[in-house]
Every structure is written in structure tokens, then in C-alpha cells.
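Observations on the model geometry
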Amino acid sequence: MKIHEYQAKEILTKYDVPVPVGFVTDKLANVKDLVKKLPTKVSVVKAQIHAGGRGKGGGVKVAKTASEAHKHASDILGMQLVTHQTGPEGQKVRQILIEQGMNISKEYYLGLTLDRGTSKVTMIASTEGGMEIEKVAEENPELIIKTRVDIAAGLTSGNIRKMTAGLGFTDKNVQKKFAQFCKALYSVYMDMDCSLIEINPLVLTEEGELMALDCKINFDENALYRHPELSELRDESEEDPTELEAAGYGLNFIKLDGNVGCMVNGAGLAMGTMDIIKHYGGEPANFLDVGGTADADRVAKAFKIITSDPNVKAILVNIFGGIVRCDRVANGIVEAMKKSKLKVPLVVRLAGTNSEEALTILENSGVAIIPAKGIKDAAEKVVAAIK
């Protein structure tokens, strides 16, 4: 689950992480009054959307006067902001953050995430703050500093020393502030069940202060039951409406840009299915995991979600019957086909318990289903059906 920058900074403030003074608003009429409340004459107007790259898209602007801030706010509020993370359709800006200006001496990157390869929380830093960390890692990997944290021991002085040395902090006072900053950030990460925290940039001001100039926090949705207060921070206007609808049905769905709709049970099988579709020349239109049950009602809802995408030209159903029997899935698909009245080709591959009986049901169903006898056969048939 993602939240806005201003919400992330409110959380950081509770942990004594230094952030600029700022105010959020969705009303243009409030801008000049909010600028007057800032401790600096220079202000920054920042679009509040969940995607990164806002500055390049024109969503972050510096103002020297209240009138200039008002003009920037007028341009940004309500705009369809397009960044490398929004896609070409962009995201409508419904709120802006008005912040104080800063006397920046140097910008850095500092982040925390889970390294799944080592099963350890990893702190990442770079002297190249303000840039996309992925680009830095690709072009200048030697500028990326990493330290892995054993959660049994917590963030140690050794972890912090590695970060401090890598960023080149030599001033004792700055080193002390950076150590406190790292410890507070680690506490946020662990206490709030985060999956990602990014401070980009972390700035060192000319006055010798460290400040989180920008902040992104993502939460592990599997742990949200432990944090009911976080539900108030969710902004559904920033989320894909189809994905929200699918979640309401208990379906795990992520929209993609292709033309082959996928309905699969199990995340691993879903990933493999998308890979083999691409291998045979197709493009997956979605990730959809129906879970352990695939009765007629659930299948019908999955079809509704998949076909709501006009780019879908064919659907591939790939179910492995372990706990769920294939013959029951086949009956569910046939019944759902009659309800849904699909207008695109449907290829079905069922494997596992009672798969032979399921194939017979599909072949004798009287509805337009293309049965497949293996994953290779299924992928070839769904790509051929589109062509």
C-alpha cells in the first residue's frame, strides 16, 4: 500500500525525523496564506500523487513569492501529471504540498527495503541524491552503498559506520545526526511493517542540518491488519479502479498492457503463464490469481474483470487442480461462459486432479471453448486465436 509524500512525512515527524515545514491543501484559495506560514520566503509547490518523477513532469516548482506560488499551484492543481511511473495516461493532481525552501549544500539517497535473496532488511545509500536510484545502480553501481541488517540484532553501529563512510560524512556533528536519522528510519520501517522507505533526496543544508526533503513509504499489505489506522491514509483515487473491484471480489489482479487475459490459480503459476505467453509471441494483459477456489461465480467475476479491458483479444485459463478438482473448475467455466457471453476466444488448460474428466466436460460443453492439453499447447493456441 502506497501513501502520499505529506502523509509519509507526518509519520517521520512522529519518530523525530527532520522534515521541511509544509502544509497540504486541495484549494487554490489557501495557497498564499499557507506560504505566509512558512519560515522562509522561498517556497516549493509539490504535486501529491503516488508516482515518482514528479519534478520532470512539471509537478514540483520553486516560488520566490506568494504570488508566484499561487501561479504554480494554479498550474499544478487539477493537472494530469505524466511521469515515467504513471504511464502515458498520467495521474490527476488533487492535492498539493506547500513547503519551505531549503539552502541545500548536498543531496543524498537513503532507503530501506527487504532483500529477498538474503531475507534481510537492507539499507541503501548513495551520494547521487535526487536521481532515480535504479539509474544510478545501472550506470554507476560503485556509487551504491548497501548494508544488511540482522533483525535479531537490529541496526548496529557497524551498519551506520558503513553508511557514514560511504556518504563521506566527516563532520562529527553531521555524523551524529546521520546516526540518529538512520536509527529513526529503521524504527519506522520495523514498527509500521513497511516494505519500502525512500528518502530521495536526503539533504545536507548549508546550516549543517540533515533533512528528508522527499519521502516515499510503502506498507506490506499482508500486515495491515496490525495497523488499522493506516486504512485512513489510503487514497483509492490513486489506485486502478479495476484492481480495486477485483480486490472486492477476493481476486489478486494487476493490470498490464498486453492483449492476452490470464486467469490462473497460484501466483507462481500465473508468473509462469505470463512468461510462456510472451515466449510464443503474445503479451499478457493482466496478472490474475483466482486462488484456491474457481467455482462458477468466481470465474464469472474474473471474466468480468478481464474483459473490462478493451485491449484483451483472447483469454487463457490455466488451472492446476490440487485441492480444487479440475472437473469442478470445468463446470464452473462452462456455467460462467453461459452467464458472461464472452466475445473473445477462450483457451482452457486444466491439469491435476480429474483433469481427463474436465477435458471431456469442456469438449462436450456446447460453448466456444478451445481446450488445451499442456501449457505449451495453451500458449500457442491463445496466441494463434489472436492472430
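To be clear, the structure that these remarks concern was listed above.
Residues numbered from 1 in each chain as written. Predicted model: local features only at pLDDT ≥ 70, side-chain atom pairs only at ≥ 80, totals over all residues. Heavy atoms only, no water.

Counting residues in each nonpolar core, the largest one holds 44 residues, and the members touching the most others are Leu12, Leu110, Phe178, Ile197, Ile199, Ile217 and Phe219. Counting residues per element, this core draws most heavily on helix 6 (residues 172–191), which supplies 10 residues. What phenylalanine 219 contacts, discounting residues up to four positions off in sequence, is Met1, Ile3, Ile11, Met192, Asp193, Cys194, Ser195, Leu224 and Leu230. Of all hydrophobic cores here, the second largest spans 32 residues; its members include Met263, Ala285, Val317 and Leu350. (Core = buried A, V, L, I, M, F, W, Y, C linked by side-chain atoms within 4.5 Å. Buried < 20%, exposed > 50% of the residue type's maximum accessible area, 1.4 Å probe, protein only. Helix = DSSP H or I, 4+ residues; strand = E, 2+ residues; numbered from the N terminus. Contact = heavy atoms within 4.5 Å.)

Helix-helix packing is described using two parameters, namely the angle between the two axes and the distance between the axes. Running from amino to carboxyl end, helix 8 (residues 267–279) crosses helix 12 (residues 375–386) at an angle of 55°, the nearest separation of the two axes being 9 Å. Comparing their axes, helix 12 and helix 8 come out oblique. The handedness of the crossing between helix 8 and helix 12 comes out as right-handed. In this structure, helix 8 contributes Thr273, Ile276 and Ile277 to the contact, and helix 12 contributes Ile375, Lys376, Ala379 and Val383. (Axes fitted to C-alpha atoms, helices over the stretch in contact; angles between N-to-C directions. Parallel < 35°, antiparallel > 145°, perpendicular 65-115°, else oblique. Left-handed = near helix turned anticlockwise from the far one by under 90°.)

Before going further, it helps to examine the environment of leucine 185. By the secondary structure assignment, leucine 185 is in helix 6. Judged by relative accessible area, leucine 185 falls into the buried class, the value being 0%. Between the alpha carbons of leucine 185 and alanine 246 there is a distance of 34 Å; along the sequence they are 61 residues apart. Not counting the four nearest positions on each side in its chain, leucine 185 is found in contact with Leu12, Val17, Leu110, Leu112, Ile197 and Ile199.

A word on the pairing of strand 16 (residues 314–321). Of all the 8 residues making up strand 16, 7 are buried; the element is thus mostly covered by neighbouring parts of the structure. For strand 14 (residues 260–264) and strand 16, the ladder comprises 5 bridges, and the chain directions are parallel. Residue methionine 263 lies in a different strand from strand 16, and its bridge partner there is valine 317. In this sheet, strand 17 (residues 346–352) lies alongside strand 16 in parallel orientation, the contact comprising 7 bridges. Note that in strand 17 the partner of leucine 316 across the bridge is valine 347. A crossover connection joins strand 16 to the parallel strand 17 through helix 10 (residues 326–340); in handedness this β-α-β unit is right-handed. (Pairing = 2+ DSSP bridges. Right-handed = clockwise from strand over helix to strand, strands pointing away.)

This part takes up the side chain of asparagine 218. Turning to its location among the elements, asparagine 218 is positioned in strand 12 (residues 216–219). Setting aside residues up to four positions removed in sequence, asparagine 218 forms contacts with Met1, Lys2, Cys194, Ser195 and Leu196.

Taken together, the 4 strands give an open sheet; going across it, the order is 1-6-2-3, and neighbouring strands pair in antiparallel fashion. Looking at which strands have only one partner, the edges of the open sheet turn out to be strand 1 (22–25) and strand 3 (60–63). Taking the axes of each pair of neighbouring strands and ignoring which way they run, one obtains an average angle of 20° across the sheet. As paired elements, strand 2 (residues 43–47) and strand 6 (residues 96–100) share 5 bridges and run antiparallel to each other. If you follow alanine 47 over to strand 6, its bridge partner there is isoleucine 96. Its contacts with the sheet place helix 1 (residues 5–14) against strand 1, strand 2 and strand 6, and it is angled at close to 50° to strand 6. Here helix 3 (residues 66–76) sits on the sheet in contact with strand 2, strand 3 and strand 6, set at roughly 165° to strand 3.

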